[in-house]
Amino acid sequence: MTITVHPVIGLPLIRPGDDLPGLIAARIDLFDGDILCIASSVWSKAKGYLRRLDEITPSERAQAIAGRTGEDPRFIQAVLDESEELLLEYPFVLSVLPHGHIGVRAGVDQSNVDGGQVILLPPDPMGAAGELRASLEALSGARIGVIVTDTCGRAFRRGQTGHAIGWSGLTAIRDFRGDTDLFGHTLQITEEAVVDECAGFANLVMGESNNGVPAVVIRGLPAWTGHDDLYWHEGEDLIREALCARYPLEPLR
Ligand code: GDP
Ligand code: MN
Ligand code: MN
């Protein structure tokens, strides 16, 4: 098995209204089974999921949080507006988004965008992946998978990696439960988060700063079966429960 990874080279700076599928399809040939990973930040730029800081009036809560974290209160307000629930206010805001993702600063970015603006995560990342897949399949004639990624921190470890926040044409999890290992033992708990593994490698190829590579194709990965239950359900997430017990916070609304 040979798996190859192909950066999509030569994409311009993306602006609201740009035809991202067309720009990608013009720069890379796609084949059946390819997985196209796209940085959420450029999807958001193409769709205009941006806010100008000078149009944001921070609430008292945003001002109080910003006073502790040392950030711009208007930026914190944008973070609060994207959040459904706060898990931490300090030393950084950690929040639950309406689509289930949990992220530092609600995934709101100040980098790779014109000064004075912030980039929000796509409000419906699963829908975004589905829309991009449909467009790219129509343009290329290939049956592909799409993963919308963001660079995220992790619990327990230093360092950020790419995570999947939306996907289409594949399942998030490869389910090994019921398989037997090399010694014939039945696997009881192994569910591999394949979309995050793909997002991690894609993120490595994208880079973070001025690399200019927001789209990456993974080719040759054999198909898998599994399910889409990537996020813990209520009551299953022990870390989240522990955080909420240790740092009780006022509800957002
Ligand atoms: P995030 O991980 O989704 O928050 O996105 P990043 O801001 O880390 O960007 C990921 C990659 O896309 C980096 O290589 C950036 O240089 C690149 N990138 C970001 N915006 C643009 C853009 O508008 N055009 C191009 N060509 N590359 C971009
Ligand atoms: Mn980001
Ligand atoms: Mn990134």
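In this text the structure is predicted, and so the values were computed from the model without any measurement.

Draft legend 1. Geometry of the state of the cysteines. In total, this model carries zero disulfides according to the counting rule given. Sulfur of C37: no disulfide; nearest cysteine sulfur belongs to C198 and is 5.8 Å away. The thiol of C244 is not disulfide-bonded; the next cysteine sulfur, from C152, is found 18 Å away. According to the relative accessible area criterion, C244 is partly exposed, its value standing at 28%.

Draft legend 2. Geometry of the site of ligand 1. Ligand 1 sits among 23 residues. The nearest are L11, S41, D109, T151 and M206. Within the side chain of S40, one N or O atom sits 3.3 Å away from an oxygen atom of ligand 1. Here an oxygen atom of ligand 1 sits 2.9 Å away from a polar atom, N or O, in the main chain of S209. Protein burial of ligand 1: of its 580 Å² of free accessible surface, 97% is covered by the chains.

Draft legend 3. Region of interest: unusual backbone geometry. In this model, Y90 is joined to P91 through a cis peptide bond whose omega is 10°. Looking at where P91 falls in the secondary structure, it is placed in the loop between β4 (85-88) and β5 (94-96). A positive phi angle, close to 55°, is found at R105, a residue other than glycine. By the element assignment, R105 lies in the loop between β6 (102-104) and β7 (117-119).

Draft legend 4. Molecular detail of the pairing of strand β8 (residues 145-152). Of all eight residues making up β8, seven are buried, and the element is well covered by its neighbours. Alignment of strand β2 (residues 35-39) against β8, held across five bridges, turns out to be parallel. The residue bridging I35 from the neighbouring strand is G145, located in β8. Examined bridge by bridge, β8 and strand β9 (residues 161-168) share seven bridges and lie antiparallel to one another. Across the sheet, residue I147 finds its bridge partner in β9, namely W167.

Draft legend 5. View of the side chain of H163. Examined against the element boundaries, H163 turns out to sit in strand β9. What makes H163 buried here is its relative accessible area of 19%. Polar contacts involving the side chain of H163 include one to the side chain of T161, which spans 3.2 Å. Setting aside residues no more than four positions away along its own chain, H163 makes contact with V148, T149, D150, C152, G153, R154, D196 and A199.

Draft legend 6. Examining the coordination of the manganese ion (ligand 2) more closely. For the manganese ion (ligand 2), the full set of protein donor atoms is D109 (OD) and D150 (OD), and the range of their distances to it is 2.1 to 2.2 Å. Between the two metal centres, the manganese ion (ligand 2) and the manganese ion (ligand 3), the spacing is 5.0 Å. Of this pair, D109 sits in the loop between β6 and β7 while D150 sits in strand β8, and the two are 41 residues apart along the sequence. D150 sits in the buried class, given a relative accessible area of 9%.

Draft legend 7. Molecular detail of the domain arrangement of the protein. Taken domain by domain, the protein comprises domain 1 (1-49 + 124-222) and domain 2 (50-120 + 237-253). Computed over C-alpha atoms, the centres of domain 1 and domain 2 are 25 Å apart. Run the count over domain 1 and domain 2 and you get zero salt bridges. On inspection of domain 1 and its partner domain 2, the count reaches six residue pairs in polar contact (both at pLDDT 80 or more). Elements with a contribution of two residues or more to the side of domain 1 that touches domain 2: α2 (40-47) and β8. With three residues, α2 is the largest single contributor of residues to the side of domain 1 that touches domain 2. A per-class count over the side of domain 1 that touches domain 2 returns six nonpolar, four polar and four charged.

About the thresholds
Residues numbered from 1 in each chain as written. Chains lettered and ligands numbered in written order. Predicted model: local features only at pLDDT ≥ 70, side-chain atom pairs only at ≥ 80, totals over all residues. Heavy atoms only, no water. Disulfide = S-S within 2.5 Å. Buried < 20%, exposed > 50% of the residue type's maximum accessible area, 1.4 Å probe, protein only. Near = heavy atom within 4 Å. Polar contact = N/O pair within 3.5 Å; in protein donor to acceptor, adjacent residues only side chain to side chain. Areas by Shrake-Rupley, 256 points an atom, 1.4 Å probe, with all protein chains shown as cover. Helix = DSSP H or I, 4+ residues; strand = E, 2+ residues; numbered from the N terminus. Pairing = 2+ DSSP bridges. Contact = heavy atoms within 4.5 Å. Donors = N, O, S within 2.8 Å, 3.2 Å for Na, K, Ca; no water. Domains from an automatic or database assignment. Salt bridge = Lys/Arg side-chain N within 4 Å of Asp/Glu carboxyl O. Nonpolar A, V, L, I, M, F, W, Y, C, P; charged D, E, K, R; others polar.

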